[in-house]
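Secondary and tertiary structure notes
Letter by letter, the chains look like this.
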Amino acid sequence: MEFFHTLETILTTETPHEKIKKFRDFYAAYQAGNIKPHGDFTPKVFTRPSFHEVCEIVPATTLPKRGSLSTQKGKAWLVHSVLHIEYSAIDLALDHAYRFSGMPKAYYDDWLEVAEDEVRHFLMLEEILHELGYPYGSFPVHSFLFDVSQRSLDLLTRMAVVPRYLEASGLDSSPLVIQKLQRIADKESQKIIAALEVILEEEIDHVRKGDRWFVWACEKEGVSPESYFDIVEKILPGAKKQKAYVNVASRKKAGFSCDEIRVISSQPCEE
Ligand SMILES: [Fe+2]
Ligand SMILES: [Fe+2]
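The notes below deal with the structure included here. What you see is a predicted model, and the numbers here were worked out from it, not measured in a lab. (Residues numbered from 1 in each chain as written. Chains lettered and ligands numbered in written order. Predicted model: local features only at pLDDT ≥ 70, side-chain atom pairs only at ≥ 80, totals over all residues. Heavy atoms only, no water.)

1. Some remarks on the nonpolar core
The cut-off we apply is this: Here, nonpolar core means buried Ala, Val, Leu, Ile, Met, Phe, Trp, Tyr and Cys residues that are tied together by side-chain atoms lying within 4.5 Å of each other. Each residue gets one of three labels from its accessible area relative to the maximum for its type: buried under 20%, exposed over 50%, partly exposed in between, using a 1.4 Å probe on protein chains only. Every helix listed is a DSSP run of H or I at least four residues long, and every strand listed is a run of E at least two residues long, numbered separately from the N terminus. Contacts are residue-level and defined by heavy atoms, with any inter-residue pair within 4.5 Å sufficient.
Among the nonpolar cores identified, the biggest contains 89 residues, and Phe3, Leu7, Phe23, Leu94, Tyr107 and Leu112 are the most heavily contacted of them. For this core, the element with the highest residue contribution is helix α3 (residues 72-99), accounting for 13 residues. Contacts of Tyr107, omitting those with residues within four sequence positions, involve His96, Ala97, Phe100, Leu155, Met159 and Trp213.

This is the structure:
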């Protein structure tokens, strides 16, 4: 098993459970010290996401509105949309490891650990979705996360945009979703809330890892970490816009400074 080639095989595997099985075999061998990421490797730029056979992909702007959360279908649709983010996140974490050869071992340790977390998140939500009577692929999805990842192909941009911007945005949106479900307060909602709370807590660590390697890339490139929003804006125009709600406490745990938080939020922030 060769590190980068095997990751390419896992990334391009189109069936979720086959991908997970291949990843777990690979990760066990990596943790046992049997696969080492050495040598130069030229990664591919992928033109379509690995879920294109499983899900109907539509532009994010034309995604139909999900139904009310008080219905079974509305809840399933919500779970499906988070499940799809988790599935996309498996590939994102694997792509971080796959795309950049010659990095310290700690870099690969970090992103493979994140991939394992994302697999767990996916399986946890998939079980709930099945209980609600739907499989993965039941609702249309967008490929925004994949598209952005394949437009951020140098380490500095990738770390700024994917874990430190997109995943950090997830820290802001999860509490709002949890609040909506709390208003429904039935048995299914309680179960979804419990899963989302576990995910929210673990995502802080993913953003923190992104922060760590963003700062590392800044040092290597001689770029100031203060240029974070300018780097993100190049890929995602409008990234500096103020948000209605920012999860200040989780963002601070994940490495954001109050100066950064104030760019996107007027909520109080104390260092
Ligand atoms: Fe996740
Ligand atoms: Fe994550």
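2. Quick notes on the packing of α3 against helix α4 (residues 105-131)
For clarity, the cut-off: In this analysis, axes come from line fits to C-alpha atoms, helices being fitted only over the stretch in contact, and the angle between any two N-to-C directions falls in the range 0 to 180 degrees. Each angle gets one of four labels, with under 35 degrees taken as roughly parallel, over 145 as roughly antiparallel, 65 to 115 as roughly perpendicular, and the rest as oblique. Left-handed describes a crossing whose near helix is turned anticlockwise from the far helix through less than a right angle; right-handed describes the clockwise counterpart. Three classes are used: nonpolar for Ala, Val, Leu, Ile, Met, Phe, Trp, Tyr, Cys and Pro, charged for Asp, Glu, Lys and Arg, and polar for all others, with Gly counted as polar.
Remark: α3 packs on α4, axes separated minimally by 8 Å, with the N-to-C direction vectors making an angle of 160 degrees. It follows from the interaxial angle that α3 and α4 lie roughly antiparallel. The way α3 lies across α4 gives a crossing that is left-handed. A class-by-class count of the residues in the contact of α3 with α4 yields 21 nonpolar, 4 polar and 4 charged.

3. Brief notes about the coordination of the iron ion (ligand 2)
Spelled out, the test is: Because water is not among the atoms used, a metal site may look incomplete, as its donors are only the N, O and S atoms within 2.8 Å, or 3.2 Å for Na, K and Ca. Site shape is set this way: if four donors have all angles between 85 and 135 degrees, tetrahedral; if opposite donors are over 155 degrees apart and all others between 65 and 115, square planar for four donors and octahedral for six; otherwise irregular.
Donor atoms from the polypeptide that bind the iron ion (ligand 2) are Glu118 (OE), Glu167 (OE), Glu203 (OE) and His206 (ND1), placed at 1.9 to 2.2 Å. For the iron ion (ligand 2), the 4 donor atoms in the first shell make angles of 90 to 150 degrees at the metal, so the coordination geometry reads as irregular. Spacing between the donor residues of the iron ion (ligand 2) along their common chain follows E-x48-E-x35-E-x2-H. Separating the iron ion (ligand 2) from the iron ion (ligand 1) is a gap of 3.7 Å, which Glu118 spans by donating to each of them. Taken together, the residues span a long stretch of sequence, with Glu118 in helix α4 and Glu167 in helix α6 (residues 155-184) at a distance of 49 residues. Here the two residues Glu118 and Glu167 agree in accessibility, since each one is buried.

4. Focus: the packing of aromatic side chains
This is how the line gets drawn: The criterion for an aromatic pair is that two Phe, Tyr or Trp rings (for Trp, the six-membered ring) have centres within 6.5 Å, with stacked assigned to planes under 30 degrees apart, edge-to-face to planes over 60 apart and tilted to the rest.
A full pass over the atoms with the stated rule returns 21 aromatic pairs. Taken together, a centroid distance of 6.1 Å and an interplanar angle of 75 degrees make the contact between Phe4 and Tyr108 edge-to-face. Of this pair, Phe4 sits in helix α1 (residues 3-11) while Tyr108 sits in helix α4, and the two are 104 residues apart along the sequence. Its relative accessible area of 0% is what places Tyr108 among the buried residues. Relative to Tyr30, the ring of Phe26 lies with its centre 6.5 Å away and its plane at 20 degrees, an arrangement referred to as stacked. Taken together, the residues span about one helical turn, with Phe26 and Tyr30 both in helix α2 (residues 16-31) at a distance of 4 residues. The two residues Phe26 and Tyr30 agree in class, both being buried. Members of the aromatic cluster, connected to one another through ring pairs, are Phe3, Phe4, Phe26, Tyr30, Phe41, Phe46, Tyr98, Tyr107, Tyr108, Trp213 and Trp216.

5. Some points on the coordination of the iron ion (ligand 1)
With distances of 1.9 to 2.3 Å, the protein atoms coordinating the iron ion (ligand 1) are Glu86 (OE), Glu118 (OE), His121 (ND1) and Glu203 (OE). What the 4 donor atoms of the iron ion (ligand 1) show is an angle range of 90 to 151 degrees at the metal, which sorts the shape as irregular. The sequence pattern formed by the donor residues of the iron ion (ligand 1) is E-x31-E-x2-H-x81-E. Taking the relative accessible area as the measure of exposure, His121 reaches 0% and is therefore buried.

6. Thoughts on the state of the cysteines
Stated precisely, the cut-off is as follows: Whenever a pair of cysteine sulfur atoms sits within 2.5 Å, that pair is classed as a disulfide.
Applying the stated criterion across every chain, the model contains 1 disulfide. The residue that forms a disulfide with Cys258 is Cys269, at a sulfur-sulfur distance of 2.0 Å. Where Cys258 bonds to Cys269 through sulfur, the torsion about that S-S bond is close to -75 degrees, and the disulfide is left-handed. A residue pair is termed long-range when its members are at least 10 positions apart, and Cys258 in helix α10 (residues 258-264) and Cys269 in the segment after α10 qualify at 11 residues.

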